[in-house]
Amino acid sequence: MAVQTWETHRLEELEPGIVRVTLALPTGPRHVHCYFLRGDDGWTLVDTGLGLMETPWEEILDGLDGPVARIFITHMHPDHVGGAEAAASATGAPVTQGRLDYAQCERVWGSGDWPERIAEWFLHNGVPPAVSEELIESGHVFADFVRFAWNPTLVEPGDELDGWRIVATPGHADGHLSLHRGDVLIAGDTLLTPITPAVGLYPESRPDPLGDYLDTLARLAELAPRASYGGHGLPVTRPAERCAEIAAHHEDRLDRTAAALGPERRSGYDVSHDLFGHDLAPIQRRFAVAETLSHLERLVAAGRAERREDDRGVAYTARFSGGRAPS
Ligand SMILES: [Zn+2]
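Residues numbered from 1 in each chain as written. Predicted model: local features only at pLDDT ≥ 70, side-chain atom pairs only at ≥ 80, totals over all residues. Heavy atoms only, no water.

**Student:** Account for helix H7 (residues 209–223), with residues named and values stated.
**Tutor:** Helix length check: H7 (15 residues) gives 21 Å between terminal C-alpha atoms against 21 Å at 1.5 Å per residue, within 8%. Within the span of H7, buried status applies to Pro 209, Leu 210, Gly 211, Asp 212, Tyr 213, Leu 214, Thr 216, Leu 217 and Leu 220. On the buried face of H7, the contacting elements are strand S11 (184–188), helix H8 (239–259) and helix H10 (282–301). Just past H7, the residue Ala 224 takes up positive phi, approximately 45 degrees. (Helix = DSSP H or I, 4+ residues; strand = E, 2+ residues; numbered from the N terminus. Expected span 1.5 Å × (residues − 1). Buried < 20%, exposed > 50% of the residue type's maximum accessible area, 1.4 Å probe, protein only. Contact = heavy atoms within 4.5 Å.)

This is the structure we're talking about:
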């Protein structure tokens, strides 16, 4: 797939009162979109990019016809929450974040031991010690890019934010929130095109994030907005269709995950090689294992696989009807 390049720091009005600004990222999709939503008392800024990219907020804000009245964070991933402190000081606006999302944000980015905790958890899921070491190092690098805003105004799904309804859209992150008004959705990383949002299992996360995500897609398809604007890639012009496409992608991957299981114990790390191949950089393996685990846990919840945890760690087997599988 060709990587589309985006012009950064330029304000683009997508439709009346919805302005997009794109910021650069050093990795992954190489860009993230933030949005300004016009309101009676000023603009609402949705998401903030990374913390150490020196976003020229003053220059960007000069292009707006009014002040930023508030900042809203869709979810606690580095490319969305990492620049919150800088955006708050540049705008003077308060930061609003979901209660669950902020709790996870503090646990992950507000504590120095997260890379060690996640590495230990990966070990427990079959990742070899040498690879876990590399994961610790890449985790520390990422933490440096996150400067979230402490003690934001906390909101819950169902609350209103300047005329927008806050909608729970868990899956890509447990506490992910989107904004819905009229027939428009500001979707964060819940609904993207052409890339598909990552849905991974992480320590201390909800037990079945892929189940959460498939429910989210079903609810958004029912909501059937006319347009959905996300954190990466292109605007989604047929959101209900895109929900169905992404759900089909995961159903297919669930079938491939189930096909990788048999009577022998296999860890999430083992199965990630079947799904994502053998040659991955540590940071990619980290996503591959998390993504594989979310699919394995969905299969367990659906009665299509069995989870076995003992002193060797967590592993999975196919589910045999009428009788116990050997361990
Ligand atoms: Zn993102």
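Let us keep going from here.
**Student:** Outline the coordination of the zinc ion, supporting the account with residue identities and numerical values.
**Tutor:** Distances from the zinc ion to its protein donors, namely Asp 79 (OD), His 80 (NE2), Asp 189 (OD) and His 232 (NE2), fall within the range 2.0 to 2.3 Å. One way to put it: the 4 donor atoms around the zinc ion meet at angles of 86 to 167 degrees, and that makes the site irregular. (Donors = N, O, S within 2.8 Å, 3.2 Å for Na, K, Ca; no water. Tetrahedral: all angles 85-135°; square planar, octahedral: opposite > 155°, others 65-115°.)

**Student:** Tell me about the pairing of strand S5 (residues 68–73), residues and numbers included.
**Tutor:** In terms of burial, S5 is largely enclosed, as 5 of its 6 residues are buried. Examined bridge by bridge, strand S4 (residues 42–46) and S5 share 4 bridges and lie parallel to one another. Considered in S5, the bridge of Trp 43 is made with Val 68. When S5 meets strand S6 (residues 95–98), the two strands line up parallel, connected through 3 bridges. Looking across to S6, one finds that Phe 72 is bridged to Thr 96. (Pairing = 2+ DSSP bridges.)

**Student:** Can you explain the sheet that holds strand S1 (residues 12–15)? Please cite residues and give values.
**Tutor:** Read from one edge of the open sheet, 7 strands run S1-S2-S3-S4-S5-S6-S7, paired in mixed fashion. The strands lining the two open edges of the sheet, one partner per strand, are S1 and strand S7 (153–155). The mean inter-strand angle of the sheet, taken between neighbouring strand axes irrespective of direction, is 30 degrees. Relative to S5, helix H3 (residues 84–91) is tilted by about 170 degrees, and along the sheet it contacts S4, S5 and S6. Across the sheet, helix H4 (residues 99–109) is in contact with S5, S6 and S7; its angle to S6 comes to roughly 95 degrees. (Axes fitted to C-alpha atoms, helices over the stretch in contact; angles between N-to-C directions.)

**Student:** Could you give an account of unusual backbone geometry, with specific residues and numbers?
**Tutor:** Backbone torsion omega between Thr 193 and Pro 194 reads 0 degrees, so that peptide bond is classified as cis. Position of Pro 194 relative to the elements: it lies in the loop between S11 and H7. Although it is not a glycine, Asp 162 sits at a positive phi angle of roughly 50 degrees. Within the element layout of this structure, Asp 162 appears in the loop between strand S8 (160–161) and strand S9 (164–168). Of note in this structure, Glu 204 is not a glycine but carries a positive phi near 65 degrees. Along the chain, Glu 204 falls in the loop between S11 and H7. The class for Glu 204 is partly exposed, based on a relative accessible area of 42%.

**Student:** Please set out helix H9 (residues 268–276) residue by residue, giving values where relevant.
**Tutor:** If you check which residues of H9 are buried, you get Gly 268, Tyr 269, Val 271, Ser 272, His 273 and Leu 275. A positive backbone phi angle near 85 degrees is found at Gly 277, which sits one or two residues after H9.

**Student:** Residues and numbers for the pattern of salt bridges, please.
**Tutor:** Summed over the entire model, instances satisfying the criterion amount to 24 salt bridges. Note that Arg 70 is salt-bridged to Asp 41, the shortest N-O span being 2.6 Å. Of this pair, Arg 70 sits in strand S5 while Asp 41 sits in the loop between strand S3 (31–39) and S4, and the two are 29 residues apart along the sequence. Linking Asp 274 and Arg 266 is a salt bridge whose minimum nitrogen-to-oxygen distance equals 2.9 Å. For Asp 274, a relative accessible area of 42% puts it in the partly exposed group. Via salt bridges that share partners, Glu 7, Arg 10, Glu 12 and Arg 20 belong to a single interconnected network. (Salt bridge = Lys/Arg side-chain N within 4 Å of Asp/Glu carboxyl O.)

**Student:** Describe the pairing of S11, listing the residues and the values that go with them.
**Tutor:** Here S11 lies mainly inside the structure; 5 of its 5 residues are buried. Covered by surrounding structure in S11 are Val 184, Ile 186 and Gly 188 together with Leu 185 and Ala 187, the residues of both alternating faces. Examined bridge by bridge, strand S10 (residues 177–181) and S11 share 3 bridges and lie antiparallel to one another. Looking at the pairing, Arg 181 lines up with Val 184 of S11. The turn joining S10 and S11, which pair antiparallel and follow one another in sequence, is formed by 2 residues; a positive phi near 60 degrees is taken by Gly 182. The pairing of S11 with strand S12 (residues 227–230) spans 4 bridges and is parallel. Bridge pairing in S12 places Leu 185 opposite Ser 228. The β-α-β motif built from S11, the intervening H7 and the parallel element S12 has right-handed crossover chirality. (Right-handed = clockwise from strand over helix to strand, strands pointing away.)

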